[in-house]
Amino acid sequence: MNRKRSQPLKSKIDIPWDTTDISATDKADSTQNVPLKQIHIAATQPRRYFDPKAISELAESIKQHGILQPLLVRPRARTGYELVAGERRYRAAKECGLKDVPVVIRKLSNEAAFQLALIENLQREDLNPVEETEGILHLLAIRLGKAVEEIPPLLRRLQHERKEAAKSDNNVIGTEGTEKQDADNNVIEEEQSQAEKTDNNVIVKEKAEKKDDENNVIGEQELDQKESSNNVIGKDYLDKNESSDQENPELKIVEEVFKGLGLMAWESFANNRLPLLNLPEDILEALRKGSLEYTKAKAIAQIKDTSERVAFLEQAIKENWSLSEIKQRISKKKTPNSTPETESSNYKERFANATTKLKRSRVWSNPKKRKQIEKLVLQLEALTQEG
């Protein structure tokens, strides 16, 4: 199953909020043909990169079958139309030399047009993770009435608040559960004690029957009390969570946006997508072009030197290195090769350590080992004389 909705943008998008400020009669969309030269791309168009190969393939399809899905445009203040959604089809139509294209014309505000453009792009299968992340941030900014830069810290704050609320609820549930269980146990023990005293005053048969009855009563009371306690605690927990979410209008809007897009949960977006925007620009550009997977990008970003990273990135893309190959090569870069200076210092250190150990060793009392040492000393003396 595809992660995103497969249908292209038509007259409506299946989202839970209204993106237009027009009357119902204006929404009766009808398709008409307009000259391609009268359509202009908006300066605020959210998508920046289009794969030339994919555009050429679409152009070839348009030559054979025509444009199956009309472009969405809105009237410009002066003349012509501004493209709202369908830039891939627009570019492919230009490439194959079409004069006229089918369009749906809507009167949209700037905000509504931008939202529709964002949503159409976010529903595309070929959208790269960088543009998808940036698009979601823009959409959240519009819905929350904030600057794009304010959205990442807002999401982190909402995450923190949810974690703190969960901790608080767990503590309350644990305390209530323990106190209730202690109270139940005390009641049961007291009833058992009183019942045993009464049983001692009657015959053995009555005692046995009485105990059976009491055990049944206690068992029923214990189950009833536990069920009641669990129901109360469960209800309290749900009520607290619901009231907490209802009291935070920002969280409600965030959840509404992600539910409407159907791409991922907002917590997953905050954990896995926001860090993506902290990658170096050369890595982000490769991601935008779709020439590099996110996992590979994160690995290559570990190379701090810019020129070294750019060269490594170009080679990794050109030779299509796997993630394991990239990690191995980066690991080798982190381990510096031995130089003559380091080797020399290592030999000196080893010799000094060996000499120290030799002085403290008991080899001097062993005639055979002493002869070996004498040979080594003679060799060392000969080496120093040659030097």
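Our structure's up above, just so we're on the same page.
Residues numbered from 1 in each chain as written. Predicted model: local features only at pLDDT ≥ 70, side-chain atom pairs only at ≥ 80, totals over all residues. Heavy atoms only, no water.

Visitor: Whenever I open this one, the sheet that holds strand 3 (residues 71-75) confuses me. Can you help?
Guide: As a general point, the strands of a sheet are linked pairwise by backbone hydrogen bonds and lie either parallel or antiparallel. Strand order in the open sheet formed by five strands is 1-5-3-4-2, and the pairing between neighbours is mixed. Only two strands of the sheet have a single partner each, and these edge strands are strand 1 (31-35) and strand 2 (39-41). Pairs of neighbouring strands in the sheet enclose a mean axial angle of 55°, with direction left out of account. Pairing of strand 3 with strand 5 (residues 100-105), which is carried by three bridges, proceeds in the parallel orientation. Bridge assignment links Leu 71 to a residue of strand 5, and that residue is Val 103. The sheet contacts of helix 2 (residues 87-95) involve strand 2, strand 3, strand 4 (81-85) and strand 5, and relative to strand 4 the element is tilted by about 125°. (Pairing = 2+ DSSP bridges. Helix = DSSP H or I, 4+ residues; strand = E, 2+ residues; numbered from the N terminus. Axes fitted to C-alpha atoms, helices over the stretch in contact; angles between N-to-C directions. Contact = heavy atoms within 4.5 Å.)

Visitor: Looking at this structure, I do not really get the nonpolar core. What am I missing?
Guide: Within soluble globular proteins, side chains that are nonpolar tend to cluster in buried spots. Judged by nonpolar contacts, the single largest core of 27 residues is most densely connected at Ile 136, Leu 140, Leu 155, Val 254, Phe 258 and Phe 269. For this core, the secondary-structure elements that each account for two or more residues are helix 3 (110-122), helix 4 (129-144), helix 5 (151-200), helix 7 (249-261) and helix 8 (266-273). Examining the composition of this core, we find that seven residues originate from one element, helix 4, more than from any other. (Core = buried A, V, L, I, M, F, W, Y, C linked by side-chain atoms within 4.5 Å. Buried < 20%, exposed > 50% of the residue type's maximum accessible area, 1.4 Å probe, protein only.)

Visitor: What exactly am I supposed to notice about the packing of helix 9 (residues 281-288) against helix 11 (residues 306-318) here?
Guide: What describes two packed helices is the angle between their axes and the distance between those same axes. Running from amino to carboxyl end, helix 9 crosses helix 11 at an angle of 20°, the nearest separation of the two axes being 10 Å. Overall, the two elements helix 9 and helix 11 adopt an arrangement that is roughly parallel. For the crossing formed where helix 9 meets helix 11, the hand is right-handed. From helix 9, Asp 282, Ile 283 and Ala 286 reach across to helix 11, where they touch Arg 309, Val 310, Leu 313 and Ile 317. Looking at the contact of helix 9 with helix 11 residue by residue, the classes come out as five nonpolar, no polar and two charged. (Parallel < 35°, antiparallel > 145°, perpendicular 65-115°, else oblique. Left-handed = near helix turned anticlockwise from the far one by under 90°. Nonpolar A, V, L, I, M, F, W, Y, C, P; charged D, E, K, R; others polar.)

Visitor: Even after reading the chapter, I still don't get the pattern of salt bridges, so can you show me in this structure?
Guide: Pairing of side chains with opposite charge becomes possible as their charged atoms draw close. Overall, the coordinates contain 15 salt bridges when judged by the stated rule. Where Arg 288 meets Glu 134, a salt bridge forms, and the shortest distance between an N and an O atom there is 2.9 Å. One end of the pair, Arg 288, is in helix 9; the other, Glu 134, is in helix 4, and 154 residues separate them in sequence. Each member of the pair, Arg 288 as well as Glu 134, carries the same accessibility label: buried. Asp 282 is paired through a salt bridge with Arg 309; the nearest N and O atoms lie 2.9 Å apart. A residue pair is termed long-range when its members are at least 10 positions apart, and Asp 282 in helix 9 and Arg 309 in helix 11 qualify at 27 residues. Residue classification places Asp 282 among the partly exposed residues on the basis of a relative accessible area of 21%. In this structure, a network of salt bridges that share partners links the residues Glu 134, Glu 281, Glu 285 and Arg 288. (Salt bridge = Lys/Arg side-chain N within 4 Å of Asp/Glu carboxyl O.)

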